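A look at the structure
Next come the chains, spelled out residue by residue.
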Amino acid sequence: GENVEQHPSTLSVQEGDSAVIKCTYSDSASNYFPWYKQELGKRPQLIIDIRSNVGEKKDQRIAVTLNKTAKHFSLHITETQPEDSAVYFCAAHFTGGGNKLTFGTGTQLKVEL
Amino acid sequence: GAGVSQSPSNKVTEKGKDVELRCDPISGHTALYWYRQSLGQGLEFLIYFQGNSAPDKSGLPSDRFSAERTGGSVSTLTIQRTQQEDSAVYLCASSLRGGQPQHFGDGTRLSIL
């Protein structure tokens with residue numbers, strides 16, 4: 001089955017710095033990679049996603065890069081702000097797995113003033 | 001409503017009792033997913049419904065867990081003879097179809113005494 005590894009499990013940065021979270025996946029047939037942000041006690045919210053025919057996607061301070069050859073993808077947050085503090089989950093989808101997402105174990109991001 | 005709705009938001013019950021959790025997906029979404037999230041942990045896939053196809057039950061942890069989706073819309077997750085290890089937040093998500101962005105509900109926090 002699909003396996004998604006996510007690193008680091010915790011990340012602490014100073015306000016204004018950049019944060020990078022990395023994920024690797026096991027199945028080369030994976031074709032869709034969303035990222036979710038979950039604030040304490042709240043629902044996971046989709047913040048950005050990328051499909052396998054694209055190498056990079058940006059949305060304001062957030063960007064995702066995908067390296068299909070190496071089977072890894074990363075979330076980049078620039079100019080971090082305290083409200084970016086949350087748990088971030090990556091996920092991978094592959095059609096061979098019945099269309100479900102496999103999630104990484106999450107990264108607790110803390111942006112310090 | 002505009003989003004995925006789950007009820008109840010909180011459920012406290014005694015060990016051995018049965019519980020039913022409800023999910024109302026976004027109107028028009030053919031795919032519906034159930035996940036379980038234990039405290040401080042990632043998202044564990046439970047079951048996936050896609051239209052009228054047979055559900056993917058590969059994530060259900062035991063035969064005490066079952067789910068149904070009536071009329072292609074509302075879904076109920078049933079846990080029979082609850083155990084303390086069933087305590088978790090149960091999240092429902094829906095998407096237009098498999099492989100599309102998933103939108104989560106607020107979850108049901110289940111506590112087994």
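Residues numbered from 1 in each chain as written. Chains lettered and ligands numbered in written order. Predicted model: local features only at pLDDT ≥ 70, side-chain atom pairs only at ≥ 80, totals over all residues. Heavy atoms only, no water.

**Some words on the packing of aromatic side chains**
Applying the stated criterion across every chain, the model contains twelve aromatic pairs over all chains. On the basis of an interplanar angle of 20° and a centroid distance of 6.3 Å, the ring pair of Y33 of chain B and Y35 of chain B is categorised as stacked. Comparing Y33 of chain B with Y35 of chain B, the two get one shared label, buried. Ring geometry for Y33 of chain B versus Y48 of chain B: centroids 4.8 Å apart, planes at 15°, classification stacked. Of this pair, Y33 of chain B sits in strand β4 (residues 31-37) while Y48 of chain B sits in strand β5 (residues 44-50), and the two are 15 residues apart along the sequence. The exposure class assigned to Y33 of chain B is buried, which follows from its relative accessible area of 0%. For Y48 of chain B, a relative accessible area of 4% corresponds to the buried category. Grouping aromatic residues by their ring pairs yields a cluster made of Y36 and F103 of chain A together with Y33, Y35, F45, Y48 and F104 of chain B. (Phe/Tyr/Trp six-rings, centres within 6.5 Å; stacked < 30°, edge-to-face > 60°. Buried < 20%, exposed > 50% of the residue type's maximum accessible area, 1.4 Å probe, protein only. Helix = DSSP H or I, 4+ residues; strand = E, 2+ residues; numbered from the N terminus.)

**Structural notes on the interface of chain A and chain B**
Opposite the 17 residues of chain A that make contact, chain B presents 20 residues. Three residues, R43, K100 and F103 of chain A, lead the burial of chain A against chain B; their summed loss comes to 36% of the area buried on that side. Seen at the junction of chain A and chain B, the total is one salt bridge. A salt bridge links R43 of chain A to D106 of chain B, with the shortest nitrogen-to-oxygen separation between them at 2.7 Å. The tally of links between chain A and chain B comes to four residue pairs in polar contact (both at pLDDT 80 or more). For the side of chain A that touches chain B, the elements supplying multiple residues, two or more each, are β4 (32-38), β5 (45-51), β9 (86-93) and β10 (101-103) of chain A. The residue inventory of the side of chain A that touches chain B, partitioned by class, reads seven nonpolar, six polar and four charged. (Contact = heavy atoms within 4.5 Å. Buried area = accessible area lost by both parts, 1.4 Å probe. Salt bridge = Lys/Arg side-chain N within 4 Å of Asp/Glu carboxyl O. Polar contact = N/O pair within 3.5 Å; in protein donor to acceptor, adjacent residues only side chain to side chain. Nonpolar A, V, L, I, M, F, W, Y, C, P; charged D, E, K, R; others polar.)

**A short note on the pattern of salt bridges**
Residue and element names in this part refer to chain A. Within the structure shown, the criterion is met by seven salt bridges over all chains. K57 is the partner of D49 in a salt bridge, and the nearest nitrogen-oxygen pair spans 2.9 Å. What makes D49 buried here is its relative accessible area of 12%. Of the residues examined, K57 reaches a relative accessible area of 36% and is grouped as partly exposed. Put simply, D84 and R61 hold a salt bridge, and the shortest N to O gap is 2.9 Å. Taken together, the positions of D84 in the loop between β8 (72-77) and β9 and R61 in the loop between β6 (56-59) and β7 (62-67) put the pair 23 residues apart, joining distant regions of the chain.

**Concerning the pairing of β9 of chain A**
All names here are of chain A. A large share of β9 lies buried, amounting to seven of its eight residues. Pairing of β4 with β9 involves five bridges; the strand directions are antiparallel. Of the residues in β9, the one forming a bridge with Q38 is V87. Here β9 runs beside strand β11 (residues 107-112); their pairing, made up of three bridges, is antiparallel. Within β11, the residue paired with Y88 across the bridge is T107. Pairing of β9 with β10 involves three bridges; the strand directions are antiparallel. For A91, the partnering residue across the bridge sits in β10 and is F103. (Pairing = 2+ DSSP bridges.)

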